[in-house]
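# Structural characterization, general
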Amino acid sequence: MQEQRRFDVWAAGAAYERYMGRWSRAVAEEFVARLDCADGLRWLDVGCGTGALSAVVAARRPPLRIVACDRSEAFVGSARATVPGPVRCLVADASSLPVRDAAYDVVVSGLTLNFLPRPAEALAGMVRALRPGGLAAAYVWDYAEGMQFLRRFWDTAVALDPAAAALDEGRRFPDCRPDALRALWTGAALVDVSVTALEVPTVFADFTDLWQPFLAGQGPAPGYVASLTEPDRDRLRDAYETAVSSRPDGSIPLTARAWAVSGRKGEGRESPT
């Protein structure tokens, strides 16, 4: 596990934007559009990263306030520069949120749960921060099947190096599946739990646009690429290029699916003291 997690590097906001951030914003739009939330609410964004989800909330559901937190100081700095409106950005771990009980109407988390060592513990903290009747919602990439550019990357990598299977997010993160997400939310005593698919296009201008972000070392797949010798890296690049189909203009049309889960805190449920 420790060997796997050393590849889970998320620190540089600019590198993240090139690799995943552009698609994170697109799926955040879909996620917020499907939430049954009014304007003027109090939001908590757990694992905010560079602020993609909080920025969409600020634009689409003008809040009374947003508190956005992440354990990466660099990401929090990016979020402060990105999210407009009444937002407070904090460096904080999801497992020990520095917020008051029952202080928020909506608690959300985008593309974060699978990277937490104890997601149930983090969800318990999210529920603690939620008022009775409030909404807890999150989404994660469908690494096993629907996140196409990563699925094809890992299938290619494992064909060349079977040891790479230990790092494949599709195998490592079983919580990124509908049944597991539903069980996690139900286990937190949330009600009206639902799970839905979110799908967005991920169109790359050319293979360079697809491959270059894998060289920045941000996240498990780029971390794996960085660990390779130059000949092995070149061999992976060539095989990956063969594995993806391009249009006549060189662009590569793929899609990315995420699973979204939501549930409400029971009206009569008190936060633990």
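Look up a bit, the structure's there.
Residues numbered from 1 in each chain as written. Predicted model: local features only at pLDDT ≥ 70, side-chain atom pairs only at ≥ 80, totals over all residues. Heavy atoms only, no water.

## Overview of the nonpolar core
Residues Phe-31, Trp-141, Phe-149, Leu-150, Phe-153, Trp-185 and Phe-214 are the most contacted members of the largest nonpolar core, which totals 90 residues. Among the elements that make up this core, the one with the highest residue count is strand S5 (residues 130–141) (eight residues). In terms of nonpolar packing, the next biggest core, distinct from the first, is built from five residues, Cys-48, Ala-68, Ala-79 and Cys-89 among them. (Core = buried A, V, L, I, M, F, W, Y, C linked by side-chain atoms within 4.5 Å. Buried < 20%, exposed > 50% of the residue type's maximum accessible area, 1.4 Å probe, protein only. Helix = DSSP H or I, 4+ residues; strand = E, 2+ residues; numbered from the N terminus.)

## Details of the pattern of salt bridges
Counted by the stated rule, this structure contains 15 salt bridges. Across the pair Arg-257 and Asp-142 runs a salt bridge, and its minimum N-O distance is 2.5 Å. Separated by 115 residues along the polypeptide, Arg-257 in strand S7 (residues 252–265) and Asp-142 in the loop between S5 and helix H6 (148–160) bring together distant segments of the chain. As far as the burial class goes, Arg-257 and Asp-142 line up, both buried. One salt-bridge network, in which partners are shared between bridges, spans Arg-151, Asp-155, Asp-168 and Arg-171. (Salt bridge = Lys/Arg side-chain N within 4 Å of Asp/Glu carboxyl O.)

## Overview of the state of the cysteines
Inspection of the entire model under this criterion finds zero disulfides. Considering cysteine sulfurs only, Cys-48 is the nearest to Cys-69, which forms no disulfide, with 6.3 Å between them. For the unlinked cysteine Cys-89, the closest cysteine sulfur is that of Cys-48, found at 5.7 Å. With a relative accessible area of 7%, Cys-89 lands in the buried category. (Disulfide = S-S within 2.5 Å.)

## Overview of the pairing of strand S2 (residues 65–70)
The element S2 is extensively covered by neighbouring structure, given that five of its six residues are classed as buried. For the crossover that starts at strand S1 (residues 42–46), traverses helix H3 (residues 52–60) and ends in the parallel S2, the hand is right-handed. Here S2 runs beside strand S3 (residues 87–91); their pairing, made up of five bridges, is parallel. Counted as the bridge partner of Ile-66 is Val-87 from S3. Handedness of the crossover is the feature at issue here: the chain leaves S2, passes through helix H4 (residues 73–82), returns alongside S3, and the resulting connection is right-handed. (Right-handed = clockwise from strand over helix to strand, strands pointing away. Pairing = 2+ DSSP bridges.)

## Some remarks on the side chain of Ser-109
Within the element layout of this structure, Ser-109 appears in strand S4 (residues 104–110). A polar contact of 2.9 Å, which involves the side chain of Ser-109, links it to the backbone oxygen of Val-46. The contact partners of Ser-109, leaving out residues within four places of it in the chain, are Asp-45, Val-46, Leu-53, Met-126, Ala-137, Ala-138 and Tyr-139. (Polar contact = N/O pair within 3.5 Å; in protein donor to acceptor, adjacent residues only side chain to side chain. Contact = heavy atoms within 4.5 Å.)

## Notes on the packing of aromatic side chains
Applying the stated rule across the entire model yields 17 aromatic pairs. Judged by centre distance (5.2 Å) and plane angle (70 degrees), the ring pair of Phe-115 and Phe-173 falls under edge-to-face. With Phe-115 in the loop between S4 and helix H5 (119–128) and Phe-173 in the loop between helix H7 (169–172) and helix H8 (178–187), the pair connects residues that are 58 residues apart, well separated along the chain. Grouped by ring-pair contacts, the aromatic residues Tyr-19, Trp-23, Phe-149, Phe-153, Trp-154, Phe-204, Phe-207, Trp-211, Phe-214, Tyr-224 and Tyr-240 constitute a single cluster. (Phe/Tyr/Trp six-rings, centres within 6.5 Å; stacked < 30°, edge-to-face > 60°.)

Keep in mind these numbers describe shape, not what the thing actually does.
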